[in-house]
Structures are given as C-alpha cells and as structure tokens.
Amino acid sequence: MGALKSFVEVRPDSHFPIQNLPYGVFKPDPTSPPRPGVAIGEYVLDLSEIASAGLFDGPLLRGSDSFHQPMLNKFVSLGRAAWKEARATIQKLLSSTEPSLRDNATLRQKSLVPISKVELLVPTAIGDYTDFFTSFHHAKNCGIIFRGPENPIPKNWYYLPIAYHGRASSVVISGTNISRPRGQSFPVGDSPPSFGPSKKLDFELEMATIVGPGNPLGKSVDVNDAANHIFGLVLMNDWSARDIQGWEYVPLGPFLGKNFGTTISPWIVTLEALEPFTCDAAKQDPPPLPYLAEKVSKIYDLSLEVQIKPAGREHAIVVTKSNLKNLYWTLTQQLAHHTVNGCNLNPGDLLGTGTISGPDSDSLGCLMELSWNGQRPLSLNGVTRTFLEDGDEVIFSGVCKGDGYNVGFGTCSGKVVPSP
C-alpha cells in the first residue's frame, strides 16, 4: 500500500497522499454551489466533475447523483460497499499508472483545484450531535479536580459510555472565530451568581465519528456491526466555558457552557484509510455488559497534537500530545450504546469522543487539566495561560504514520474573539 503513487505531486510530509483520500465539501469560488471533493496533496479532486464525466462506472455508483449533492449525507448513507467502490475508483484515477485523468488535460483542469483557492465547508448536514466522555485519564482528572482523589470516577462510568446531547446548529468548520460566551457562574458566598463573559474558556481535544447508514427508530445496532455505520472521523474541538459549565451542569448536564461553538476539521478520513493503523483497544475492567462486548475490540494508533498561538504572538506552541488509543470506550461501543434503547441515528450525525487525555502531564487534552483548573499556569514562550484569552488561536492536528506516507486530518483551528 505504501508504494502506491499518484500522478499528482504529494509532498512526503503531506497528510493527504493517495493512501488517504479524505472526503470534504467545498466551493471552488464564492459564487459556486457546494460540491463533494477528495483531498490529494495540495489539491481537491472535484467529485461532481468526475461523476459528470461518467468515471464512477461501478455497479453501485453508476448513475448515482450522490456526488452532485451540496453535502455528503447521501453518499455516506449508501454504506460500506459503495464507499469501497468509490475509493477504488478514485485511487485508480489518481494513480500514476492510470491515464484516464492524468492524460485528459481538460478534465484535469476542471477537476483538480488547489486547496488554497477553495472554501471548505462543514461536510455533512449534521442533524444531531452527541458528545461522549470516554477517556479514563480525563474522567479521572476531572473527578479529582472537582470531587477529590478518594472516588474520582463514578461507578456507572465503567459500565457505559456516558454522553450528553449537544447542539448541532453551532458546529462550525475549522477557521471559524469563536466568540467568548457569556453566562452565569458560581456565586461568591451568599451573593447571587455573577453574569458576564466566561473567564475560564477552554478547548477540548476530541475526535468525532461521522455516522454513515442510520438505524430505524426502535431498532438498535449490534456492537459487532457498528463499524458499518461509521463513515469516518474528523478532529473536533469541544470549546468549553468551565465557569458557566460548573454552575449549570447539576442536575441535567452541560448546556450554555458547551453549546456556543464546536469546531470540526473539514476532511473526513474513512475507516478504510485508517485500517492499517488499527491496534488493540484498552482493556476494560470490569468486562462490559454483553451488548457492549466486542468480538474484536480495536482503536487506531492516531497521534494528536494541540498548539496554542497566543494573542499577538507570531508562533504557536505545542501544549499537548495525545493519541486516539487513549480512549477507554471504543468508537463502535459508543455508537452501539447510543442506539441500544432504540434511538435512531441518521447519516451525517456527529458523535464526539470526549476529551482524549493520556497518562502523562504533556498528554492532557484540555487547559482545565493542564493548568489544574487554573492552579498551575502554563508558560507559552514568555506569556502564561491558565485558560484562553481573547485573540488566542487553538490548532489541533492528527496523523497516522505509515511506511513512507501519512494518513492525516490536516488541522482544526479556531480563534477566540471578544464577547459581543
């Protein structure tokens, strides 16, 4: 697989070689309608042009209008057989040995657009967004910070992937500014709660599943079939206002402390592209209940990094290095649990993993952990931070290292701007 080459020039450090081929939605210019594309090196392959040229000629995609849609929902709903057919066709068209596109100058000019010249959009119409809480180290650290070290993780956490329902309307694409939220926070003494811009604005390093085929209302998804309902993954920043969250979350969980903005990366990396990087998932003790017991429990060896570019500074500083394999509950367990009560998922839905923290001090997935809720300021090349300040930019990246190639996600970034 590593020897496969494209006729499109791809730098050795690129996240988007022919082994990846992540899907997104873009506009080649401001007046153009959105259309699906695939990233290859520094270019986007316009799948609407490839479809119009009749090059998707397999039995499942021949004549399909799924690449003439403004979102990827129709394509992701088709299922794994159609995804594999599309991937095989695109890989063949882009390979260095295939002349169909390589030697067709007119089609090449129409279909290969520099990424630097396009507008990237949220790739699916996200009907629903759920955020899980599935990293052991994050759960433990949060418990110690707020409840003390005696019993930091509640018993139920070990038996089910805990989650809450988020706000799909405020999911935005990488590069979108995030306005500092306003809300209530803890009262001091006997006074009423304070109101104003959050003083504890945080990032959360997450990834998220993009749901493929859904399930009917009332019918659950078997955990051992759940991978067939996952189209791929994106990077996700679950921006969090810790002071607002801390005051409001009892008894129903997060609300205004979370729903002001969630940033995702533009490229959906498919499970097929991630397959070479599978590894054993974390050992679960106690064993999960039968409906969550997987025949093969796997995750992906996917390196994650967070940088902060402080306001007014030229360079970003790495503050965290983690890995997707730090999750306790797998992506497939999350999806299966979501449906076990008969809840129906739909194509394009977003399922966040929760903050992905590792065991070490430099692998913690949010500032609340890194600064221990403000008690330990971080030094960022001459400036300090406990939480985010206006003008700070947060940049996530994620990549799997293959044999001579990368399979990556690009970046997921956002800048904090003052409260309106």
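Further up the page is the structure itself.
First things first, this report covers the structure right here in the doc.

Rules and cut-offs
- Residues numbered from 1 in each chain as written.
- Predicted model: local features only at pLDDT ≥ 70, side-chain atom pairs only at ≥ 80, totals over all residues.
- Heavy atoms only, no water.
- Buried < 20%, exposed > 50% of the residue type's maximum accessible area, 1.4 Å probe, protein only.
- Helix = DSSP H or I, 4+ residues; strand = E, 2+ residues; numbered from the N terminus.
- Contact = heavy atoms within 4.5 Å.
- 1 Å grid on protein atoms, 1.4 Å probe; cavity = no way out; pocket = protein on both sides within 12 Å on 5 of 7 lines; lining within 4 Å.
- Points joined across faces, edges and corners; volume = space filled by probe spheres on them.
- Nonpolar A, V, L, I, M, F, W, Y, C, P; charged D, E, K, R; others polar.
- Polar contact = N/O pair within 3.5 Å; in protein donor to acceptor, adjacent residues only side chain to side chain.
- Core = buried A, V, L, I, M, F, W, Y, C linked by side-chain atoms within 4.5 Å.
- Phe/Tyr/Trp six-rings, centres within 6.5 Å; stacked < 30°, edge-to-face > 60°.
- Lys NZ or Arg CZ within 6 Å of the ring centre and 35° of its normal.
- Salt bridge = Lys/Arg side-chain N within 4 Å of Asp/Glu carboxyl O.
- Pairing = 2+ DSSP bridges.

**Side note on helix α9 (residues 331–339)**
Now for step 1: With nine of nine residues buried, α9 lies mostly within the body of the structure.
Now for step 2: Within α9 the residues assigned to the buried category are Leu331, Thr332, Gln333, Gln334, Leu335, Ala336, His337, His338 and Thr339.
Now for step 3: Packed against the buried residues of α9 are β6 (129–132), β13 (205–211), β14 (230–237), β19 (298–300) and β22 (350–352).

**So, empty space enclosed by the protein**
Now for step 1: Scanning the model with the defined rule gives one cavity of 30 Å³ or more in all.
Now for step 2: Residue composition of the lining of the largest cavity, grouped by class: three nonpolar, one polar and two charged.

**As for the side chain of Glu305**
Now for step 1: With respect to the secondary-structure elements, Glu305 resides in strand β20 (residues 303–309).
Now for step 2: A polar contact is formed between the side chain of Glu305 and the side chain of Gln307, at a distance of 3.5 Å.
Now for step 3: Sequence-distant contacts of Glu305, defined by excluding residues within four places in its chain, comprise Val318, Thr320, Lys321, Ile395, Phe396 and Ser397.

**Some words on the environment of Asn381**
Now for step 1: On the secondary structure map, Asn381 appears in the loop between β23 (378–380) and β24 (383–385).
Now for step 2: With a relative accessible area of 58%, Asn381 lands in the exposed category.
Now for step 3: With 144 residues separating them in the primary sequence, Asn381 and Asn237 have C-alpha atoms 23 Å apart.
Now for step 4: If we ignore the near neighbours within four places in the chain, the residues touching Asn381 are Arg313 and Ile317.

**Section: the nonpolar core**
Now for step 1: Counting residues in each nonpolar core, the largest one holds 55 residues, and the members touching the most others are Phe203, Met207, Leu274 and Leu324.
Now for step 2: Top element by residues in this core is strand β26 (residues 406–417). It accounts for four residues.
Now for step 3: Beyond its immediate sequence surroundings of up to four residues, Met207 is in contact with Leu233, Val234, Leu235, Met236, Leu302, Leu304, Leu324, Leu351, Gly352, Thr353, Ile356 and Phe409.
Now for step 4: One finds Ile50, Val76, Val122 and Ile268 within the second-largest nonpolar core, a separate group that totals 42 residues.

**Topic: the packing of aromatic side chains**
Now for step 1: In the structure shown here, the tally under the stated rule is 15 aromatic pairs.
Now for step 2: Between the aromatic rings of Tyr328 and Trp329, the centroid separation amounts to 5.4 Å while the plane-to-plane angle is 80°, which identifies the pairing as edge-to-face. Taken as a pair, Tyr328 and Trp329 share a single burial class, namely buried.
Now for step 3: In textbook terms, an aromatic cluster arises when at least three aromatic residues are bridged by ring pairs, as seen for Tyr23, Phe56, Phe67, Phe75, Trp83 and Phe231.
Now for step 4: The residue whose ring lies beneath Arg35 is Phe26, and the NZ or CZ to ring-centre distance is 6.0 Å.

**Regarding the pattern of salt bridges**
Now for step 1: Here the structure, examined in full by the defined rule, presents 17 salt bridges.
Now for step 2: Asp392 is the salt-bridge partner of Arg385, the closest N and O atoms lying 2.7 Å from each other. Take Arg385 and Asp392: they sit in the same class, and that class is buried.

**Focus: the layout of surface pockets**
Now for step 1: Estimated volume of the largest pocket: approximately 870 Å³.
Now for step 2: In this structure, the largest pocket is lined by 38 residues; those nearest its centre are Phe133, Cys142, Gln245, Tyr249 and Pro254.
Now for step 3: Mapped by element, the contributors of at least two residues to the lining of the largest pocket are β6, α6 (136–147), β7 (163–165) and α7 (242–248).
Now for step 4: Ranked by the residues each element gives to the lining of the largest pocket, the list is headed by α6, at six residues.
Now for step 5: Its residues assigned to classes, the lining of the largest pocket shows 18 nonpolar, ten polar and ten charged.
Now for step 6: Around the second largest pocket sit 14 residues that line it, and His15, Phe16, Gly41, Glu42 and Gly410 are the ones nearest its centre.

**Re the sheet that holds β20**
Within a sheet, each strand pairs with its neighbour through backbone hydrogen bonds, oriented either parallel or antiparallel.
Now for step 1: If you trace the five strands from one edge of the open sheet to the other, you get β9-β26-β25-β20-β21, paired in mixed fashion. Because the sheet does not close on itself, it has two edges, and the strands there are β9 (178–179) and β21 (317–323).
Now for step 2: Pairing of β20 with β21 involves six bridges; the strand directions are antiparallel. The residue of β21 that forms the bridge with Leu304 is Ser322.

**Description of the pairing of β6**
Now for step 1: Neither face of β6 is exposed, since Tyr129 and Asp131 on one face and Thr130 and Phe132 on the opposite face are all buried.
Now for step 2: Note: β6 against β22, three bridges, orientation parallel. What sits directly across from Thr130, in β22, is Leu351.
Now for step 3: Across three bridges, the pairing between β6 and β7 is antiparallel. Counted as the bridge partner of Asp131 is Tyr164 from β7.

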